[in-house]
Amino acid sequence: MNPSPMPVSAVGANALRTITLEVFRFRPEQDPLPSWQTYQVPCREEWVVLDALNYIKDHLDGSLSYRWSCHMAVCGSCGMMINGKPILSCKAFVRDFPDHIRVEPLGNLTVIRDLVVKQERLLANLSAVKSWLIPKTPAAADEPYRQTPVQLDQYRHLSMCINCLLCYAACPQVALNEGYLGPAALALAHRYNLDSRDGGTFERMQATASADGIWECSFVGECSEVCPKHVDPAGAIQQMKLASSLDWFARRLGLGERS
Amino acid sequence: MQTFHADVIIVGAGGAGLSAGIAVAEQDPSLRVALVSKVYPMRSHTVAAEGGAAAVIRAPDTLEDHFRDTVSGGDWLCDQDAVDLFVAEAPKALTRLEHWGCPWSRAEDGRVQVRSFGGMKNERTWFAADKSGFHILHTLFQTSQRFPSIQRFDEVYALDLLVAEGAVGGLTGLSMQTGEAMVLLAPSVIIATGGAGRVFPFTTNGAIKTGDGMAMAYRAGVALKDIEFMQYHPTGLPGTGILITEGARGEGGILVNKDGYRYLQDYNLGPPDPWPRRKAMEMGPRDRLSQAFWHEQKKGRTIKTSAGDDVVHLDIRKLGEKFIDERLPMVRELSRAYVGVDPVVAPIPVRPVVHYTMGGIDTNIDTATDLAGLYAAGECACVSINGANRLGSNSLTEILVFGTRAGLQAADRARSQVDRPATNWDAQIQASFGKVSGLMARTAGNESIVGLRGQLHGLMEGAAGIYREDAPLRAACAEIAGLRRRYRELAISDHSKVFNTQLFQALELGAMLEIGEAMVHSALARRESRGAHQRLDFPQRDDVQFLHHSIARSGGQDAPSIEHKPVNISRWPPGERVYGGAAK
Ligand SMILES: Cc1cc2nc3c(=O)[nH]c(=O)nc-3n(C[C@H](O)[C@H](O)[C@H](O)COP(=O)(O)OP(=O)(O)OC[C@H]3O[C@@H](n4cnc5c(N)ncnc54)[C@H](O)[C@@H]3O)c2cc1C
Ligand code: SF4
Ligand code: FES
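Residues numbered from 1 in each chain as written. Chains lettered and ligands numbered in written order. Predicted model: local features only at pLDDT ≥ 70, side-chain atom pairs only at ≥ 80, totals over all residues. Heavy atoms only, no water.

Topic: the overall build of chain B
Looking only at helices and strands, chain B features 15 helices and 24 strands. Taken over the C-alpha trace, chain B has a radius of gyration of 23 Å; the compact-globule value for 584 residues is 25 Å, and the two agree within 12%. Expressed as lengths along the three principal axes of its C-alpha atoms, the size of chain B is roughly 65 × 55 × 50 Å. The burial tally for chain B puts 69% of its 584 residues in the buried class. Considering only contacts in chain B between residues 6 or more positions apart, those separated by 24 or more positions represent 74%. Just so you have it, chain B exposes about 18,000 Å², and 50% of that area is on carbon and sulfur atoms. Charged side chains of chain B number 63 positive and 67 negative; the gap between the two group centres comes to 2 Å. (Helix = DSSP H or I, 4+ residues; strand = E, 2+ residues; numbered from the N terminus. Rg over C-alpha atoms; globule rule 2.2 N^0.38 Å. Buried < 20%, exposed > 50% of the residue type's maximum accessible area, 1.4 Å probe, protein only. Contact = heavy atoms within 4.5 Å. Areas by Shrake-Rupley, 256 points an atom, 1.4 Å probe, with all protein chains shown as cover. Lys, Arg positive; Asp, Glu negative; His and termini not counted. Charge placed at Lys NZ, Arg CZ, Asp CG, Glu CD.)

Now the structure itself:
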């Protein structure tokens, strides 16, 4: 009587391809060292790597741990290293990979267990850079600010960050300096700096222009390469460096702050 | 075990929970807020909302129009006093978000732009391209960082409420990262845990939307109201259930069957032209559109995909590449990635998909439940502004309006409860953690999470889908009771403490079984068709017998009882829902 049931995770009859998934395992309570575990997974044509992991969890090994929720590349939970590259596993189509896929936790971050890494570094840094609107002028009670589409376009791409930490996994400076604020946090700081409603650039500079801020970036550009939302954190950091040096000169010349 | 004291505990850090937290902090920075969430706030499913949020912003739109669209859209099951409050608060809530930096899409003159949405008479949906929920959630999260009084408990799973003498006193939880037991105590608790779409197999809802908070309140004796009303969204991608926003139709997309025919004109939604046109054809309400699909499928006029799914086509090609990239970039991105179709050159295959939980924790207009100190807001709650069928773009606004309201109410109560006598919670705490350690200790058992979940899914889709009927519902009631018994024998293979996702899946399954049971019992008792609840055996709306809220109360290990509660019809008596040519 109802539409035919359509199991989301069950394997249908059509087009199965068996993939070997080699998965990083680490359970701190029992494993002295990490190891690799291999699973054979029959995959449907339209599956992403996350579907294959869910298949393992449901049918082969219930102890495998990883994060996911939206399955549509927007919640930022499911980043992993897949064949060595940071990627969202819900956007990594099995059809784009060879028959042997290696899955590891995101690089440069502490592993809690299996594919689950500590994310507190990003959370702390988002606060450190004051990634919120610091109004330039007080808002009128019931009236939105005006902002033209052109003004919106200034920062729009930077506001697309889903906090997935792929850029942290890709960035060599994140690995070298534990205090480095990192690409996403700096990009979000810049997002507010560029917002026509914001007047907080100088306040944010306490963090962004500090020793752990923009000057740590060596412009390798890997962050922008791996970003699933085209945020281009590397570009943002370059712009901030430029703006910051101009500020410095402006102040030396006694011209006051630009913001 | 760790114990924390707070003034207000909020369970859930989606749009509703964050709004509540900010409201408390703004109201009184001396109040300690504990914000508990099983995922980092920005992973909450509010992030997935695309289309936008409704609020009257300028003429010719009026609050009265918004009120009428909502009440008729909800097939008169909405509480009209709550809807009145909602439409009046809506513009303030969205403006507040603008002041906090939300990148709403703009007109050339810099004013906020609005688009039309299904069942809405005027253009009133504020949007941030087609990533509205994402921007709302991130704006709220980022703003919440400003307030030192908000202490986050990220990746903490809430288990059970602590209740004494008719009032809530806190809750138990588990740290997901360490497995450590946690007790949080406060005179005010707000539940903001979102919907329960995962009770069904094919849904737009993320993995985390398992109805935990509803089940938590339900177990503590609070009723679930109108929980039989589950919304199907007419346009989900086959296979994954990923949503294609109603915005696609609002901008001029059409739905066609296998003959390329705009079939909605056969279901009292036509005539097809002129198009686009509000409250007609593809811009009719979701319940009607999903039901029309069901009939087309019966008539053999749907299209079979290579994977064997029945679909219809959503065609937005007429809009052109430039417009699509500007207004509907996510539709293009999702469609290309997940069904391999570029909507600029080909129609998108779509089918109805379980989307929104209209019912939920029974609250009054002030978000208070009948358990003192316990509040609920957002999709987990039923206040009720959605009635029998939510209008698209009302719920993002709802989470802001009622999330804020819950925060203010909870703050008031916390301030009035400073000299509370200490309660000994030991027995309840032990009982709560005892369930978890029982599950962890059980090594042998024939029941698996996948097995029980799969059977629940089959029953829900079979008996409580787009159309319902007495016999299958009765059978589902009996069978879910059986699943609940078998759940007590569930054993899990992972016995570690650190990030044991299998344990949390098992706990979520427990919640889903309770909610699923309440849904089928409520659906069985409602012997009429209204909004999203359509009975083949009772095809008409029956205001004489059923113009009331269903109230499901937990029977513990036994079946729930279903009672009634009057609907607030303060100023607009029930009428006909009219869409298509006859709509005004
Ligand atoms: C794909 C999609 C598109 C949508 N588009 C629109 C739209 O365009 N317009 C519109 O108005 N509405 C839309 N909706 C509906 C709307 O997005 C939701 O109703 C709304 O976002 C719900 O917000 P919430 O705060 O109530 O819950 P959520 O955002 O789901 O948050 C729930 C929170 O509760 C927490 N939680 C749950 N259980 C526990 C537990 N046991 N312990 C601790 N924490 C817990 C979670 O971690 C999370 O933080 C859409 C929904 C979907 C699925
Ligand atoms: S900048 Fe890109 S890669 Fe980095 S967290 Fe944001 S979305 Fe992810
Ligand atoms: S599951 Fe949400 S981004 Fe992949």
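Following the structure, the description resumes.
Quick notes on the overall build of chain A
Each helix and strand in chain A was counted, giving nine helices and seven strands. Relative to its full complement of 259 residues, chain A shows a buried share of 57%. Sequence separation of at least 24 residues holds for 63% of the intrachain contacts in chain A that already meet a minimum separation of 6. Summed over its atoms, the accessible surface of chain A is roughly 10,800 Å², and 55% of this surface lies on carbon and sulfur atoms.

A look at the site of ligand 2
Every residue near ligand 2 is listed here: Cys 161, Ile 162, Asn 163, Cys 164, Leu 165, Leu 166, Cys 167, Ala 184, Cys 227, Pro 228, Val 231 and Pro 233 of chain A. Tallied by class, residues from the shell around ligand 2 come to 11 nonpolar, one polar and no charged. (Near = heavy atom within 4 Å. Nonpolar A, V, L, I, M, F, W, Y, C, P; charged D, E, K, R; others polar.)

Quick look at the interface of chain A and chain B
Counting residues at the interface gives 74 residues for chain A and 84 residues for chain B. Of the roughly 6,200 Å² buried between chain A and chain B, counting both surfaces, carbon and sulfur atoms make up 54%. Inspection of the chain A/chain B interface yields five salt bridges. Close ionic contact of Lys 229 of chain A with Glu 333 of chain B constitutes a salt bridge, the shortest N to O distance being 3.2 Å. Linking chain A to chain B there are 35 residue pairs in polar contact (both at pLDDT 80 or more). Of all the elements in the fold, those that place two or more residues in the side of chain A that touches chain B are α1 (49-60), β6 (111-113), α2 (120-128), α3 (149-155) and α6 (183-193) of chain A. Among the elements that make up the side of chain A that touches chain B, the one with the highest residue count is α2 of chain A (four residues). Classifying every residue of the side of chain A that touches chain B by side-chain character gives 38 nonpolar, 18 polar and 18 charged. (Buried area = accessible area lost by both parts, 1.4 Å probe. Salt bridge = Lys/Arg side-chain N within 4 Å of Asp/Glu carboxyl O. Polar contact = N/O pair within 3.5 Å; in protein donor to acceptor, adjacent residues only side chain to side chain.)

Thoughts on the packing of α2 of chain A against α6 of chain A
Residue and element names in this part refer to chain A. With their axes 9 Å apart at the nearest point, α2 and α6 run at an angle of 25° to one another. Judged by the angle between their axes, α2 and α6 are roughly parallel. Considering only the axes of α2 and α6, their crossing is right-handed. Contacts between α2 and α6 involve Leu 122, Asn 125 and Leu 126 from the first element and Ala 184, Ala 185 and Leu 188 from the second. Considering only residue class, the contact of α2 with α6 consists of five nonpolar, one polar and no charged. (Axes fitted to C-alpha atoms, helices over the stretch in contact; angles between N-to-C directions. Parallel < 35°, antiparallel > 145°, perpendicular 65-115°, else oblique. Left-handed = near helix turned anticlockwise from the far one by under 90°.)

As for the domain arrangement of chain B
Residues and elements named next belong to chain B. As assigned here, chain B comprises domain 1 (2-229 + 358-416), domain 2 (235-352) and domain 3 (426-538). Each of domain 1 and domain 2 has a C-alpha centre, and these two points are 29 Å apart. Each side of the interface is counted separately: domain 1 has 24 residues, and domain 2 has 29 residues. In total, domain 1 and domain 2 occlude about 2,100 Å² of area from one another, counting both sides; carbon and sulfur atoms represent 51% of this. It is Glu 50, Asp 130 and Phe 202 in domain 1 that bury the most area against domain 2; as a group they hold 30% of the surface buried on that side. At the junction of domain 1 with domain 2, the criterion picks out four salt bridges. The residue Glu 333 makes a salt bridge to Lys 131 at a minimum N-O spacing of 3.8 Å. Scanning the region where domain 1 abuts domain 2 turns up 11 residue pairs in polar contact (both at pLDDT 80 or more). (Domains from an automatic or database assignment.)

Things to note about the pattern of salt bridges
Residues and elements named next belong to chain B. All told, the structure shown has 75 salt bridges over all chains when counted by the stated rule. Residue Lys 121 is joined to Asp 65 by a salt bridge in which the shortest nitrogen-to-oxygen separation is 3.6 Å. In this pair, Lys 121 sits in the loop between β5 (114-115) and β6 (125-126) while Asp 65 sits in helix α2 (residues 63-73), placing the two residues 56 residues apart along the sequence. A relative accessible area of 13% means that Asp 65 is categorised as buried.

Focus on the site of ligand 1
Residue and element names in this part refer to chain B. Looking at ligand 1, there are 39 residues lining it, with Ser 37, Ser 44, Thr 46, Glu 379 and Leu 396 nearest. One of the backbone N or O atoms of Glu 50 is found 3.5 Å from a nitrogen atom in ligand 1. In this structure, an oxygen atom belonging to ligand 1 sits 2.7 Å away from a main-chain N or O atom of Leu 396. Protein contacts shield 99% of the accessible area of ligand 1, which totals 1,000 Å² for the unbound molecule. Those elements giving two or more residues to the shell around ligand 1 turn out to be α1 (15-27), β3 (33-37), β8 (156-164), β17 (348-357) and α10 (394-416). Broken down by element, the shell around ligand 1 gets its largest block of residues, four residues, from α10. For the shell around ligand 1, a count of residues per class yields 15 nonpolar, 18 polar and six charged.

Considering the domain arrangement of chain A
All names here are of chain A. For chain A, the assigned domains are domain 1 (8-117) and domain 2 (120-252). Between the C-alpha centres of domain 1 and domain 2 the distance comes to 31 Å. Contacts between the two partners involve 15 residues from domain 1, matched on the other side by 14 residues from domain 2. Each partner contributes to the roughly 1,000 Å² buried at the junction of domain 1 and domain 2, and carbon and sulfur atoms together form 65% of this total. When the area that domain 1 buries against domain 2 is broken down by residue, the three leading residues are Pro 86, Asn 108 and Leu 109, summing to 46%. Our count for the contact surface shared by domain 1 and domain 2 stands at zero salt bridges. Along the contact surface separating domain 1 from domain 2 lie four residue pairs in polar contact (both at pLDDT 80 or more). In terms of residue class, the side of domain 1 that touches domain 2 is made up of 10 nonpolar, four polar and one charged.

So, the packing of aromatic side chains
Residue and element names in this part refer to chain B. Tallied over the full model, the rule gives nine aromatic pairs over all chains. Ring geometry for Trp 76 and Trp 572: centres 4.9 Å apart, planes at 55°, overall tilted. With a gap of 496 residues between them, Trp 76 in the loop between α2 and α3 (80-99) and Trp 572 in the segment after β24 (558-566) connect regions that are remote in the sequence. For the ring pair Phe 86 and Phe 402, a centre distance of 6.4 Å and an interplane angle of 15° mean the geometry is stacked. Pair noted here: Phe 86 is in helix α3 and Phe 402 is in helix α10, with a separation of 316 residues, a long-range link. In terms of burial, Phe 86 and Phe 402 fall into one category: buried. The residue whose ring lies beneath Arg 68 is Trp 572, and the NZ or CZ to ring-centre distance is 4.2 Å. (Phe/Tyr/Trp six-rings, centres within 6.5 Å; stacked < 30°, edge-to-face > 60°. Lys NZ or Arg CZ within 6 Å of the ring centre and 35° of its normal.)

Some details on the side chain of Asp 542 of chain B
Residue and element names in this part refer to chain B. You can see Asp 542 is positioned in the loop between β22 (534-535) and α15 (543-546). Buried and unpaired, Asp 542 has Arg 530 as its nearest opposite-charge partner, separated by 6.7 Å. Among the polar contacts made by the side chain of Asp 542, one reaches the main-chain amide nitrogen of Gln 545 at a distance of 3.1 Å.

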